[in-house]
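An overview of the molecular structure
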Amino acid sequence: MADSAARRIRPTAQQLAAAHGKTIPDVLGPDLRVLFCGINPGLWSAAIGKHFARPGNRFWPALHGSGFTPRLLGPWQQEELLELGLGLSNVASRATARADELTPEELRSGGEILAEKVATYRPRWVAILGIGAYRTAFGRKDATIGPQPSKLAGSPVWVLPNPSGLNAHWTAATLAEEFARLRVAADES
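Note that the coordinates shown come from a computational prediction; the quantities given were computed from them, not determined experimentally. (Residues numbered from 1 in each chain as written. Predicted model: local features only at pLDDT ≥ 70, side-chain atom pairs only at ≥ 80, totals over all residues. Heavy atoms only, no water.)

The strand order across the open sheet formed by five strands is β2-β1-β3-β5-β4, and the pairing between neighbours is mixed. Two strands bound the open sheet, and with one partner strand each, they are β2 (86-90) and β4 (146-152). Direction aside, the axes of adjacent strands within the sheet are offset by 25° on average. Here four bridges tie strand β3 (residues 125-129) to strand β5 (residues 155-160), and the two strands are oriented parallel to one another. Following the sheet pairing, Val126 is matched in β5 by Val157. (Pairing = 2+ DSSP bridges. Helix = DSSP H or I, 4+ residues; strand = E, 2+ residues; numbered from the N terminus. Axes fitted to C-alpha atoms, helices over the stretch in contact; angles between N-to-C directions.)

Here we take up helix α5 (residues 104-121). In this model α5 runs 25 Å from its N-terminal to its C-terminal C-alpha over 18 residues, within 8% of the 26 Å that 1.5 Å per residue would give. What α5 keeps buried is the set Leu107, Gly110, Gly111, Leu114, Ala115 and Val118. Looking down the long axis of α5, one finds its buried residues gathered within 155° of arc, a one-sided arrangement. Away from the buried face of α5 by more than 90 degrees, exposed residues Glu112, Glu116 and Thr120 are located. In the core, the buried residues of α5 are packed alongside β1 (34-38), β2, β3, α6 (131-138), β4 and β5. With its phi angle positive at about 50°, Arg122 sits one or two positions after the end of α5. (Expected span 1.5 Å × (residues − 1). Buried < 20%, exposed > 50% of the residue type's maximum accessible area, 1.4 Å probe, protein only. Arc of directions from axis to C-beta. Contact = heavy atoms within 4.5 Å.)

Now for the packing of α5 against α6. Where α5 meets α6, the closest approach of the two axes is 7 Å, and the angle between their N-to-C directions is 80°. The orientation of α5 with respect to α6, classified from their angle, is roughly perpendicular. Facing Pro104, Leu107, Arg108, Gly111 and Leu114 of α5, the residues of α6 in contact are Ala133, Thr136, Ala137 and Phe138. Taken together, the residues that form the contact of α5 with α6 break down as six nonpolar, two polar and one charged. (Parallel < 35°, antiparallel > 145°, perpendicular 65-115°, else oblique. Nonpolar A, V, L, I, M, F, W, Y, C, P; charged D, E, K, R; others polar.)

Glancing now at the side chain of Thr69. Structurally, the position occupied by Thr69 is in the loop between α4 (59-65) and β2. Setting aside chain neighbours within four positions, we find Thr69 in contact with Leu63, His64, Leu81, Leu84 and Leu86.

Attention shifts here to the pattern of salt bridges. Under the defined criterion, the tally for this structure stands at nine salt bridges. Close ionic contact of Asp100 with Arg98 constitutes a salt bridge, the shortest N to O distance being 3.5 Å. Take Asp100: its relative accessible area is 57%, and that puts it in the exposed class. Its relative accessible area of 44% is what places Arg98 among the partly exposed residues. Salt bridges sharing partners connect three or more residues here, namely Arg33, Arg183 and Asp187. (Salt bridge = Lys/Arg side-chain N within 4 Å of Asp/Glu carboxyl O.)

Shown next, in the form of structure tokens:
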């Protein structure tokens, strides 16, 4: 099982409550093929300081199932993504129990901050994981899953489904298929 250390760490209720409002560091570097951007950190992620850390989040299996990683990684191995030309960030930095706790203003402000990061690091692709957050943060009300007609600070954008286990509209298999479409585009650019 990938990242078994993460499965052993279970934040307490007190640690989860204390994580509300915290931030976690980005995983950024030069020459990124894709910068994956979640909506915002969940409490579990903020409690342990790692992206997509809550058991049941399907980011790591989708990343592997799509061919982005040669093996199934997990949150404790997130820094290994840099060696593969992949990075991690969020649209909004404040940790919440649910993404719907964020205000539209937080998402728009977070989108501006993300654009600054993209301008600095110049990834070949920016992947936003959550259609609703993308629509709000960047004022693209008609956006759909997939490649977008507009760029973010010069980098093309691909909107992916939110991999949270709460997003029942997408199965692990269909998430991996959509991630794979992005991987093909990233490999061709």
